[in-house]
Protein chains: 2
Amino acid sequence: MSLTDTIIGKPLATSEEEHSARIGVAAGIPIFGLDALTSAAYGPEAAMTLLIPLGMYGLHYIVPIITSVLILLGIVFFSYLQTIAAYPNGGGSYTVAMENLGTGPALLAAAALMIDYILTAAVGVSAGVTAVTSAVPRLQPDTLSLCLIVLVVLAVVNLRGVKEAGSAFIVPALMFVGTLLVVIGVGAYHTFMSGGHPTPVAPPPPALPAVMKYAGIWLLLKAFSNGCAAMTGVEAVSNGVNAFEEPRARNAQFSLAVIIGTLVVLLFGTTYLARAYGITAMEPTAHGYQSMVSILTTAVMGRGWFYYLTMASIFVALSLSANTAFAGFPRLARAIAGNEYLPHVFLLRGRRLLFSHGIYALTGFTGVILILFDGVTDKLIPLYAIGAFIAFTLSQAGMVVHWKKQEGGVRRHWWHMFVNGFGALATGITTIVVLVTKFTSGAWVTAILIPLLIGIMYGVKRHYSRVKREMADMTPLNLVNLEEPIVVIPMARWDRITEKAMRFGLLLSKQIKVVHIHTDDEDGHLDEVWEDHVMDPIRKAHLPEPELKVISSHYRFVIHPLMDYILELEKENPGRKVAVLLPELVVRHWWENALHNQRVQLLKLLLLLKGNQRIVVVNIPWYL
Amino acid sequence: MSLTDTIIGKPLATSEEEHSARIGVAAGIPIFGLDALTSAAYGPEAAMTLLIPLGMYGLHYIVPIITSVLILLGIVFFSYLQTIAAYPNGGGSYTVAMENLGTGPALLAAAALMIDYILTAAVGVSAGVTAVTSAVPRLQPDTLSLCLIVLVVLAVVNLRGVKEAGSAFIVPALMFVGTLLVVIGVGAYHTFMSGGHPTPVAPPPPALPAVMKYAGIWLLLKAFSNGCAAMTGVEAVSNGVNAFEEPRARNAQFSLAVIIGTLVVLLFGTTYLARAYGITAMEPTAHGYQSMVSILTTAVMGRGWFYYLTMASIFVALSLSANTAFAGFPRLARAIAGNEYLPHVFLLRGRRLLFSHGIYALTGFTGVILILFDGVTDKLIPLYAIGAFIAFTLSQAGMVVHWKKQEGGVRRHWWHMFVNGFGALATGITTIVVLVTKFTSGAWVTAILIPLLIGIMYGVKRHYSRVKREMADMTPLNLVNLEEPIVVIPMARWDRITEKAMRFGLLLSKQIKVVHIHTDDEDGHLDEVWEDHVMDPIRKAHLPEPELKVISSHYRFVIHPLMDYILELEKENPGRKVAVLLPELVVRHWWENALHNQRVQLLKLLLLLKGNQRIVVVNIPWYL
């Protein structure tokens, strides 16, 4: 207990729960914005990685591609402004879809969001670690180990529970945005002064030789799909509207505007400068790999203290963005489990008043994903965008239905419907583009996982409904037919533990069957002592006489004839309960179990599996 | 069941046991000799491997070293002739030591023999596979996999049970001895005709350059120790005397003489020819490694069909020699378990009337050893000789005591005592030489394992004695103080499964305590329905009223307060039994367990671990 206490803290009583204070815009921007803003650290690179075969020619395409992403971002921004206004209590995709589109789409949103959270954690951790390995190339071979260490630290911190999480976010978010803005500012200044051709302080690694000169539409669509990873996280504000001070909706909308404005500057700035400085992405598996942001920062500022400060900020900010998944996933799982679509454990609050099973599940899945994809961000991106865009689309499609149902209907809300509908259309098309173009490079994982998850959720719901139907009993206790059970005692020999079982059996019932399995190998002496040691005392005490049943087992099986006998007995006595008394030796040390046969355990298991309502197992322990 | 039937055969009834017919000398030589004879395939090479640093100079030493081994073999031969005469019912080291030297030495012999059997299997398999990889160098990287495949095949064959094992041995043994004798004969002829310097048909791989010119005494002792591996297996005849036709002892002695005579020819012949042909051992890890016998056969006969026939014979014979461990180990384990020094499972006969647990154990240990030592024979040799020589020494030392105890004592049996004593002395000194010289290269494993095994055997004996002492009860059934137990029913809510538990509880006792753990999180409705649904019907039926005990758990723990309550109750009612009724939901598919909390399982486990004689667990299953 003490070790657990040290690592994840003392248990908290239910009454110790604190309701966190409402937050203002200044805190809201880092808290809900970090996830979106940090996408700038890997989004542009994700798009550029696909242009590597074009060598330096790829630079011509990167600005238009990121500009398309920014236009889509603008559309989504206006759409979410309306969602915030309409759902001041928080309008996550799951909620909006459940209210407006029904169960099917809601479960699709739920599955997409769960996968999105897992990938938010995975990408946050892996991109953060990439910042570290870019700065210290010696650590590159340990990428996966570093990812898993960061993941475990996040899990432990979250199992303790994060108090005043808000203030912890402000400094890293400011550092992240601040350092990147300095890089962008200095780089833009040099670019402007040199007429568009700045001289890097330290030269970037040379672009790989081009294997093609022009990009086809397919390659451009793929690059665009990857670049869409830059948009992940923008839905966070709409989920958390009710955390804001009044006027909630206005504050949330203002925060969203600031977040998206900053994101646009970061995305456009880094992309534009990459082109100006002639920076291309590196193969993530290449020796001495650096992230694009690392190369850019080196080119603009050199490898001084500022470079290391920037990389450290990126690492901390990305780790914290992974942390948002740790806040969101358990709550989402709880909401779904509340509707009985996920196991009930997600409803239980652990010792620190958190939904700890959600944290376990997220940590486990994220760990598996990181291991499967070697902790390489670029391999995770194709899986990531799908989940996020399905959620975007469903949330906005739900909003269209929402407006239609409002007073005044289509006539009054046509503009709102148009904005959300346009958003849904744009993100819907993007979802399809991402799915098609990235299918073979990883999106198929998501494409399999989402229906699988939906299937599981339906299955869980069906199971719980059945259990409730079969178990629920609000009728009073039925006392009819209270009849003594038939007691069965398997007995290999007469010793103190079987004596104990006999004594208990005599209490239970007047009808006792002692079963002895006789294998030709053993020289059992039960028959010899039965009359003297068992029957005589019972006759003298005028107690009901037990019956000794000896079964010969020529094949030396013990369990099977016993099971057969019990099942037969149960069949011959319909309506009667059969209580099987199993004397069990409890040893002092676990390894001593190897010295005794485990037939009792096997029998217990078989009785549970093959038994039925009328067979009850009574465990008589004997302590050495 | 059907799959098991196919792989290891249908179960056999105890009455189907067959007593194998007595065997004559012609069958006895291959059956009991194979293990000893096949030592010729790896023994000389084991010694030569250590002379690799001497390059071609090593050839001067090899004949004297093997000659020393042969002298030792002669001493052991005469010693065992006497053992056979004295123990016509089979005189294994364990038996002889137990009868004549007492428990301590007998357990030492037992441990040494068990390790010896494991290494017989491991060395047989690995040396057999070496013959294959020598012939087909492409398979060399798969050495370990091949070893494990052969091991599994042996295990399955032995689990089925080997009928008429004798005849299966004759052909491979003849092939093995025959092909090697042809190689030796042809080689000797060429050597003689060429005046001692035959020209190889195919030149052997050149010796590695010498890094030293003269061997020190330490190196020679090490080479001798390794060469002693050639003696392993000669004790087999003395263990199996009672399998021979009458006159048993004479037939066994004659068989032993033929076996050892053949072994001497094989050992001396291969060694002498290796020297004549200038053949040195290769590093087992070197690319294109071949065993010495493979090089020799190639040099004498070329790489024609005869070469492949020879290698195939070696492979089959060595695999069968590994098989002797599968026959011996389970019997030895059974003999030791019969004295309660090993777990009782070794006494049980499996479905095919074999001591299957011995086969499992041997397969497991052999597999581990093969994996640890990469399936390389030369790495196993240092471990091997120790066990065999300890067994030799104890067996012969036991014989000295045996003769002393016979009628006539020392005066009459001084010659017998001298022969066995001389054997014991020679093998004892060899044991020490092997232990000291091979300690760092692997003998330390055996040196740790043997005392460990002895410790385990003493521990097992102590445990069984204690259990017997505490459990044995030949007193009649005690019917004093038969008092109803106090029944405890943990209840989270009122449903059909808890109703079932209540009904069973009412049968068991007049004193029922229903415990409800109330966590602040749940809105339990048990209190609301308790009066109407439970108490009312009970009062109407004039049954004893159960007590409802509600325990508040502010920290949301359920198991701990329940355990505390049960243990407290037990303490407050000395002398009374406490029966805890645990209603348990049995789901249809194992994965459905994930949808229900596993508190009942945890509670069962805790009650078993923390409980005592007076707490009984009653399992009330509910099937969905």
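This one's a predicted model, so the numbers in the text were calculated from it and none came from an experiment.

S.K.: Looking at this structure, how should I read the nonpolar core?
M.R.: Side chains of nonpolar character tend, in soluble globular proteins, to be buried together. If you look at the biggest cluster of nonpolar residues, it comprises 147 residues, and the most contacted ones within it are Phe176, Ile336 and Met457 of chain A. For this core, the element with the most residues is helix α6 (residues 103–135) of chain A, which contributes 20 residues. Excluding its chain neighbours within four sequence positions, the residues that come into contact with Phe176 of chain A are Leu37, Thr38, Ala41, Leu266, Ser313, Ile314 and Ala317 of chain A. Counting residues in hydrophobic clusters, the runner-up holds 146 residues, among them Leu70, Cys228, Val234 and Leu342 of chain B.

S.K.: Help me understand a nonpolar patch on the surface in this model?
M.R.: All names here are of chain A. Nonpolar side chains collect at one region of the surface, where Ile217, Trp218, Leu221, Ile432, Leu435, Val436, Phe439, Trp444 and Ile448 lie side by side and expose about 880 Å² of accessible area between them. Mapped onto the nonpolar patch, the elements with two or more residues apiece are α9 (217–227), α16 (409–437) and α17 (439–471). Along the polypeptide, Ile217 turns up in helix α9.

S.K.: Just checking my understanding: could you explain the interface of chain A and chain B for this structure?
M.R.: At the junction of the two partners, chain A supplies 89 residues and chain B supplies 88 residues. Between chain A and chain B, a total of about 7800 Å² is buried, with carbon and sulfur atoms accounting for 61% of that surface. In this structure, the connection of chain A to chain B is made through zero salt bridges. Those elements giving two or more residues to the side of chain A that touches chain B turn out to be α17, α18 (496–508), α19 (526–540), β4 (578–586), α21 (599–610) and β5 (615–623) of chain A. Top contributing element to the side of chain A that touches chain B by residue count: α18 of chain A, with ten residues. Of the residues contributing to the side of chain A that touches chain B, the split by class is 50 nonpolar, 15 polar and 24 charged.

S.K.: Please explain the environment of Gly423 of chain B as it appears in this structure.
M.R.: All names here are of chain B. Here Gly423 lies in helix α16 (residues 409–437). Under the relative-accessibility criterion, Gly423 is labelled buried at 0%. Through-space distance from the C-alpha of Gly423 to that of Tyr80 is 8.8 Å; in sequence the pair is 343 residues apart. In this view, Gly423 contacts Ile75, Ser79 and Gln396; residues no more than four positions away in its chain are not counted.

S.K.: Explanation requested: the pattern of salt bridges in the structure shown.
M.R.: If charged atoms from side chains of opposite charge come close, those side chains can pair. Summed over all chains, the structure comprises 21 salt bridges over all chains. Glu547 of chain A is paired through a salt bridge with Lys513 of chain A; the nearest N and O atoms lie 2.9 Å apart. Placement of Glu547 of chain A in strand β3 (residues 547–553) and of Lys513 of chain A in strand β2 (residues 512–519) is noted, with a sequence separation of 34 residues between them. By relative accessible area, Glu547 of chain A is classed as partly exposed at 38%. The partner of Glu531 of chain B in a salt bridge is Arg539 of chain B, and the shortest N-O contact between them spans 3.3 Å. Residue classification places Arg539 of chain B among the partly exposed residues on the basis of a relative accessible area of 35%.

Analysis parameters
Residues numbered from 1 in each chain as written. Chains lettered and ligands numbered in written order. Predicted model: local features only at pLDDT ≥ 70, side-chain atom pairs only at ≥ 80, totals over all residues. Heavy atoms only, no water. Core = buried A, V, L, I, M, F, W, Y, C linked by side-chain atoms within 4.5 Å. Buried < 20%, exposed > 50% of the residue type's maximum accessible area, 1.4 Å probe, protein only. Helix = DSSP H or I, 4+ residues; strand = E, 2+ residues; numbered from the N terminus. Contact = heavy atoms within 4.5 Å. Patch = residues over 30% accessible without salt bridge, like charges linked within 9 Å, V, L, I, M, F, W, Y side chains within 5 Å. Areas by Shrake-Rupley, 256 points an atom, 1.4 Å probe, with all protein chains shown as cover. Salt bridge = Lys/Arg side-chain N within 4 Å of Asp/Glu carboxyl O. Buried area = accessible area lost by both parts, 1.4 Å probe. Nonpolar A, V, L, I, M, F, W, Y, C, P; charged D, E, K, R; others polar.

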